[in-house]
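What follows is each chain in one-letter form.
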Amino acid sequence: MSGTSLKQEIVRKCAELDIPLVGCTPVERWDQPLFEPWVPEEFRPRAIYPEAKSAIVIGMPVSLPVVDTAPSIWYYELYRTVNALLDQNAYRIASFLTGQGFPSVAVPRDGYGSIAILREKPVAFFSHRHAAYLAGLGTFGINNTLLTPAYGPRVRFATIFTAADLPPDPVISEPLCIRCMRCVDSCPVHAIGREDYPAGLTDKKACATRSEALSKRFISPCGICIKVCPVGDDRAVYLREDKGMYDEGDDRFAPYTHAAKHVRAYGSR
Ligand code: B12
């Protein structure tokens, strides 16, 4: 099968699995740094899976109205559901490609044993954010997440390394982040810097420490920096375009405040 028909088959399979975002990138893109500091060599696909020729990145959204209650048991549950689907779907795509004669492996959506481990060393062996960026799915925001046109940062990723040569998707060059600083100002532990990358990089330890505390209450991850982001067509889809809904004291948004308060009152600490 040619690379083009194989890619069409992957895109068709993703549609069948309800995966709305899919992008492909040759692994050579990791060797041409697009900003500094760039992904260290040992974190690149070929260093992890030497047979890799392309990386396929899939993205599945977390629903905005659920994220709007975060931190909450509702987002906690959704996060787990989307994580399970991502891992299963990435596995299925890798198995399909291997069966077609192109050895492939799926990288887990996270890749860490516990938040306590992240507090010591807050890094995984592979970064899906960079993979998604190189596969043309979005651009980095000031909150260090990857913003996508359809869902802003409210999307999670998994990556498949494959020995297949697949036609690449173009990297998005125009930044999607509008630098409104809502994420910076809303972070409860002031973990997000106001300055450009790398100076403004997230304080991973502060973020992970908060996440650890929230997980004991069954309301992790925090999610506030992705909830308040105004980027993403999902805001229009869910009729939640007015960013004033995150400002305190505006009565127009009382139903949302009450909904979040109610959800937070049950099933978690
Ligand atoms: C560790 C981790 C965390 C930690 C640390 C936070 C952080 N800022 O990285 C905690 C638990 C706190 C966390 C929180 C969150 N996370 Co998180 N997290 C990860 C995880 C598992 C690993 C990231 C990683 O280490 N990559 C490898 C390194 C090399 O890359 P990097 O961190 O991107 O580092 C680059 C730069 O930051 C810089 N750098 C900075 N410091 C260092 C240190 C070293 C040693 C190195 C080598 C490089 C480096 O250089 C690197 C290359 O440019 C990824 C899943 C994954 N495997 O990709 C999810 C992931 C990044 N998280 C995600 C999300 C959504 C979140 C949260 C919003 C919570 C949530 N789930 O709702 C918050 C957002 C925090 C924020 N604003 O940054 C998503 C992002 C999706 C998106 N749209 O971008 C990911 C990709 C999970 C997924 N499968 O979708 N996360």
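For the structure, see preceding data.
Along each chain, residues carry numbers from 1 onward, in the same order as the chain's sequence is written. Residue-level local features of this predicted model are given only where pLDDT is at least 70; pairs of side-chain atoms are given and counted only at 80 or more, and the full residue set underlies all totals for whole chains, interfaces and linings. To get the side-chain values, take all heavy atoms of the structure and skip hydrogens and water.

Enquirer: I'd like a rundown of empty space enclosed by the protein, residues and numbers included.
Expert: Detection works on a 1 Å grid of protein atoms alone, calling trapped sets that fit a 1.4 Å probe cavities and calling open sets with protein on both sides within 12 Å along at least five of seven lines pockets, with lining residues defined by an atom within 4 Å of a point. Grid points are joined across faces, edges and corners, and a volume is the space filled by probe spheres set on the points. Under the defined criterion, the tally for this structure stands at one cavity of 30 Å³ or more. By volume, the largest cavity is sized at about 90 Å³. In terms of lining residues, the largest cavity is bounded by 16 residues, among which I142, C177, C180, C183 and C229 are the most central.

Enquirer: Could you give an account of the site of the ligand, with specific residues and numbers?
Expert: Residues in contact with the ligand amount to 37 residues; listed here are only the nearest, Y75, R109, A124, L146 and K204. If you list the elements that add at least two residues to the shell around the ligand, you get α4 (73-99), α6 (128-134), β6 (155-162), α8 (204-216) and α9 (224-227). We call a residue near a molecule or strand as soon as one heavy atom of that residue lies within 4 Å of the molecule or strand. Under the DSSP-based scheme used, a helix requires at least four consecutive residues in state H or I and a strand at least two consecutive residues in state E, with every element numbered from the N terminus.

Enquirer: Just give me the short version of the sheet that holds strand β2 (residues 54-61), but keep the residues and values in it.
Expert: Spatial strand order, β1-β2-β6-β3: four strands in an open sheet with antiparallel pairing. At either margin of the open sheet sits one strand with a lone partner, and together these are β1 (21-26) and β3 (104-107). Adjacent strand axes in the sheet meet at a mean angle of 20°, parallel and antiparallel pairs treated alike. Here β2 pairs with β6 via eight bridges, running antiparallel. Across the sheet, the residue bridging to G59 is F157, located in β6. Contacts between residues were defined by any pair of non-hydrogen atoms, one from each residue, lying within 4.5 Å. Every axis in this analysis is a line fitted to C-alpha atoms, fitted for helices over the stretch in contact. Angles between the N-to-C directions lie between 0 and 180 degrees. Relative to β6, α4 is tilted by about 20°, and along the sheet it contacts β2, β3 and β6. Only strands joined by at least two bridges in the DSSP assignment are considered to pair.

Enquirer: Go over the packing of helix α1 (residues 3-16) against α4 with me, naming the residues and quoting the values.
Expert: Packing of α1 against α4 brings their axes to within 11 Å, and their N-to-C directions diverge by 150°. For the element pair α1 / α4, the angle class is roughly antiparallel. Considering the relative orientation of α1 and α4, their crossing is right-handed. Two secondary-structure elements touch here, α1 through L6, E9, I10, K13 and C14 and α4 through I93, F96 and L97. When residues are grouped by polarity, Ala, Val, Leu, Ile, Met, Phe, Trp, Tyr, Cys and Pro land in nonpolar, Asp, Glu, Lys and Arg in charged, and all others, Gly among them, in polar. Classifying every residue of the contact of α1 with α4 gives six nonpolar, no polar and two charged. Oblique is the label for every angle not falling under 35 degrees (roughly parallel), over 145 degrees (roughly antiparallel), or within 65 to 115 degrees (roughly perpendicular). For any pair of crossing helices, the crossing counts as left-handed if the nearer helix is rotated counterclockwise from the farther one by less than a right angle, and right-handed if it is rotated clockwise.

Enquirer: Outline the environment of I115, supporting the account with residue identities and numerical values.
Expert: Along the chain, I115 turns up in helix α5 (residues 115-120). Residue burial is assigned from relative accessible area. The probe radius is 1.4 Å, only protein chains are included, and a residue is buried under 20% of its type maximum, exposed over 50%, and partly exposed in between. With relative accessibility at 15%, the residue I115 sits in the buried group. Residues I115 and E212, spaced 97 residues apart in sequence, show a C-alpha to C-alpha distance of 5.7 Å. Among residues more than four places away in sequence, those in contact with I115 are A208, S211 and E212.

Enquirer: Which residues make up the layout of surface pockets, and what values go with them?
Expert: Approximately 630 Å³ is the volume found for the second largest pocket. Along the wall of the second largest pocket there are 27 residues; nearest its centre are D68, K227, M245, Y246 and T257. Broken down by secondary-structure element, the contributors of at least two residues to the lining of the second largest pocket are α7 (182-186), α9 and α11 (254-264). Ranked by residue count, the leading element in the lining of the second largest pocket is α11, at nine residues. Across the lining of the second largest pocket, the residue classes break down as 13 nonpolar, four polar and 10 charged.

Enquirer: Lay out the packing of aromatic side chains in plain terms, naming residues and giving numbers.
Expert: A pair of aromatic rings is counted whenever rings of Phe, Tyr or Trp (Trp by its six-membered ring) have centres within 6.5 Å, and the orientation is called stacked for planes under 30 degrees apart, edge-to-face for over 60 and tilted otherwise. What the rule picks out here adds up to 11 aromatic pairs. An angle of 80° between the planes, with centres 5.5 Å apart, marks the rings of F35 and F140 as edge-to-face. Linking F35 in the loop between β1 and α2 (45-48) with F140 in strand β4 (residues 139-140), this pair joins segments that are 105 residues apart in sequence. Within the aromatic cluster, the residues linked to one another by ring pairs are F35, W38, Y133, F140 and Y197. Here, over-ring charges are defined by two tests on the NZ atom of lysine or the CZ atom of arginine: distance to the ring centre within 6 Å, and angle to the ring normal within 35 degrees. Taking the ring centre of F96 as reference, the NZ or CZ of K13 above it sits at 5.2 Å.

Enquirer: Before we move on, can you summarise unusual backbone geometry with the specific residues and values?
Expert: Of note, the bond from E36 into P37 is cis; its omega dihedral lies within 30 degrees of zero at -5°. Between S220 and P221 the backbone carries a cis peptide bond, its omega angle lying at -5°. Relative to the assigned elements, P221 resides in the loop between α8 and α9. Despite not being glycine, N144 has its phi angle at roughly 70°, a positive value. Examined against the element boundaries, N144 turns out to sit in the loop between β4 and β5 (146-147). For N144, a relative accessible area of 10% translates into the label buried. Positive phi outside glycine occurs at M181, with the angle close to 70°. Checked against the element boundaries, M181 lands in the loop between β6 and α7. Taking the relative accessible area as the measure of exposure, M181 reaches 11% and is therefore buried.

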